[in-house]
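Residues per chain, in single letters:
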Amino acid sequence: MADVTWEDPYCGEGNNCYRIGVDGDGNSYIAVAGAEATYLTDTADALRQLIRDIKAGKADHLLAD
């Protein structure tokens, strides 16, 4: 596993917790809290764009009412 520095978990209601991290090369990581050995990784720019898109509502259709 890469040497990742993880942020504190971001949690919704219940057990819906995610962690975001970075490594020394500037790559970003997203994992379910408690399962950090299984992660999604990409560049920091890709993470920035993902966050912008989520804030803009582009993923709202994925949320169940």
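Residues numbered from 1 in each chain as written. Predicted model: local features only at pLDDT ≥ 70, side-chain atom pairs only at ≥ 80, totals over all residues. Heavy atoms only, no water.

Student: I keep staring at the state of the cysteines and nothing clicks. Help me out?
Tutor: Note: disulfide means a covalent bond formed between the sulfur atoms of two cysteine side chains. Within the structure shown, the criterion is met by 1 disulfide. In this model, Cys-11 is linked to Cys-17 through a disulfide, with the two sulfur atoms separated by 2.1 Å. One disulfide, between Cys-11 and Cys-17, carries an S-S torsion of 115 degrees and so falls in the right-handed class. With a relative accessible area of 47%, Cys-11 lands in the partly exposed category. Judged by its relative accessible area of 16%, Cys-17 falls in the buried class. (Disulfide = S-S within 2.5 Å. Buried < 20%, exposed > 50% of the residue type's maximum accessible area, 1.4 Å probe, protein only.)

Student: Help me understand the pattern of salt bridges, please; the structure alone is not making it clear to me.
Tutor: For side chains bearing opposite charge, pairing can occur when the charged atoms are close. This model, assessed by the stated rule, comprises 3 salt bridges. For Asp-45, the salt bridge identified is with Arg-48, shortest N-O distance 2.5 Å. With Asp-45 and Arg-48 both in helix H1 (residues 44-55), this residue pair falls 3 residues apart, about one helical turn. For Asp-53, the salt bridge identified is with Lys-58, shortest N-O distance 3.5 Å. The partly exposed category is assigned to Asp-53, whose relative accessible area is 23%. (Salt bridge = Lys/Arg side-chain N within 4 Å of Asp/Glu carboxyl O. Helix = DSSP H or I, 4+ residues; strand = E, 2+ residues; numbered from the N terminus.)

Student: So what exactly am I meant to see when it comes to the environment of Asp-45 here?
Tutor: Given the relative accessible area of 55%, Asp-45 is considered exposed. Residues Asp-45 and Ile-30, spaced 15 residues apart in sequence, show a C-alpha to C-alpha distance of 14 Å. At 2.5 Å, the side chain of Asp-45 and the side chain of Arg-48 are in polar contact. (Polar contact = N/O pair within 3.5 Å; in protein donor to acceptor, adjacent residues only side chain to side chain.)

Student: Would you explain the packing of aromatic side chains in this entry?
Tutor: On inspection of all chains with the given rule, the structure shows 2 aromatic pairs. With a centroid separation of 6.3 Å and 65 degrees between ring planes, the pair formed by Trp-6 and Tyr-29 is classed as edge-to-face. On the criterion of sequence distance, the pair formed by Trp-6 in strand S1 (residues 4-6) and Tyr-29 in strand S4 (residues 27-32) is long-range, its members being 23 residues apart. One exposure class covers both Trp-6 and Tyr-29, and it is buried. (Phe/Tyr/Trp six-rings, centres within 6.5 Å; stacked < 30°, edge-to-face > 60°.)

Student: What is the right way to read the layout of surface pockets from this model?
Tutor: If you roll a probe as big as a water molecule over the atoms, it shows you where there is empty space left. In this structure, the largest pocket spans a volume of roughly 480 Å³. The set of elements that each furnish at least two residues to the lining of the largest pocket consists of strand S3 (17-23) and H1. Here the lining of the largest pocket gets 4 residues from one element, more than from any other, and that element is H1. Of the residues belonging to the lining of the largest pocket, the class tally is 11 nonpolar, no polar and 1 charged. (1 Å grid on protein atoms, 1.4 Å probe; cavity = no way out; pocket = protein on both sides within 12 Å on 5 of 7 lines; lining within 4 Å. Points joined across faces, edges and corners; volume = space filled by probe spheres on them. Nonpolar A, V, L, I, M, F, W, Y, C, P; charged D, E, K, R; others polar.)

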